[in-house]
Amino acid sequence: MTKKDPQEIISEFRQHVNMSNKELEDWLKTEKSQEVGWNPEGGESKGHQSGRYICELLPKKDSDFTDEDLQHMTHVNAYCKRHLAQRPNNVEDSKWRYSLMNWGHDPTK
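On a predicted model such as this, the values are computed, not experimentally measured, just so you know.

1. Notes on the side chain of His72
For step 1, the next point in the chain: Within the secondary structure, His72 sits in helix α5 (residues 67-84).
For step 2, the next point in the chain: With relative accessibility at 13%, the residue His72 sits in the buried group.
For step 3, the next point in the chain: Other than its neighbours up to four places away in sequence, His72 contacts Ser50, Tyr53, Ile54 and Leu57.

2. Section: the packing of aromatic side chains
For step 1, the next point in the chain: One pass over the full model with this rule turns up 2 aromatic pairs.
For step 2, the next point in the chain: Judged by centre distance (5.4 Å) and plane angle (40°), the ring pair of Trp27 and Tyr98 falls under tilted. Of this pair, Trp27 sits in helix α2 (residues 21-28) while Tyr98 sits in helix α6 (residues 95-102), placing them 71 residues apart in sequence. This pair shows no difference in class: Trp27 is buried, exactly as Tyr98 is.
For step 3, the next point in the chain: Ring centres 4.2 Å apart and planes at 10° place the aromatic pair Tyr79 and Trp103 in the stacked group. Separated by 24 residues along the polypeptide, Tyr79 in helix α5 and Trp103 in the segment after α6 bring together distant segments of the chain.

3. A look at the pattern of salt bridges
For step 1, the next point in the chain: For the structure shown, the criterion picks out 9 salt bridges.
For step 2, the next point in the chain: Across the pair Glu12 and Lys4 runs a salt bridge, and its minimum N-O distance is 2.9 Å.
For step 3, the next point in the chain: Residue classification places Glu12 among the buried residues on the basis of a relative accessible area of 13%.
For step 4, the next point in the chain: A salt bridge links Lys81 to Glu12; the shortest N-O distance between them is 2.9 Å.

4. Some words on the packing of α2 against α6
For step 1, the next point in the chain: At a minimum axis separation of 10 Å, α2 and α6 run at an interaxial angle of 120°. Here α2 lies oblique to α6, going by the angle between them. For the element pair α2 and α6, the recorded crossing hand is left-handed. Across the interface between the two elements, Leu24, Trp27 and Leu28 of α2 pack against Tyr98, Met101 and Asn102 of α6.

5. Details of α2
For step 1, the next point in the chain: Considered for burial, the residues of α2 that qualify are Leu24, Trp27 and Leu28. Projected onto a plane normal to the axis of α2, the buried residues spread over an arc of 95° and lie on a single side.

6. What about α5?
For step 1, the next point in the chain: For α5, with 18 residues, the first-to-last C-alpha span of 26 Å sits near the 26 Å given by 1.5 Å per residue.
For step 2, the next point in the chain: All buried positions along α5 are accounted for by Asp69, Leu70, His72, Met73, Val76, Asn77, Tyr79, Cys80 and His83.

Procedures and definitions
Residues numbered from 1 in each chain as written. Predicted model: local features only at pLDDT ≥ 70, side-chain atom pairs only at ≥ 80, totals over all residues. Heavy atoms only, no water. Helix = DSSP H or I, 4+ residues; strand = E, 2+ residues; numbered from the N terminus. Buried < 20%, exposed > 50% of the residue type's maximum accessible area, 1.4 Å probe, protein only. Contact = heavy atoms within 4.5 Å. Phe/Tyr/Trp six-rings, centres within 6.5 Å; stacked < 30°, edge-to-face > 60°. Salt bridge = Lys/Arg side-chain N within 4 Å of Asp/Glu carboxyl O. Axes fitted to C-alpha atoms, helices over the stretch in contact; angles between N-to-C directions. Parallel < 35°, antiparallel > 145°, perpendicular 65-115°, else oblique. Left-handed = near helix turned anticlockwise from the far one by under 90°. Arc of directions from axis to C-beta. Expected span 1.5 Å × (residues − 1).

What follows is the structure in structure tokens.
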């Protein structure tokens, strides 16, 4: 298995995450952001947790990313690719959109 180039991972991450840090932080404070996603134990959803981590990643310089950061970026990239392929007819007020927004991607932008 070939390891993906870190710069490719970062570039793809920056393409997928189209919300600013402030937009994402503000979004994560809303009820709608907490109403979507998978939370097997009834707590914070995986997407909401991811959004909080993305807020930590956005201000970093490329040279400051750790292996853990790159691993999470890879996870974000895969999530966005998968979910963007499942676009519903009604995007604006959909759980699909809200879930993607928890991962830093607003499909209406």
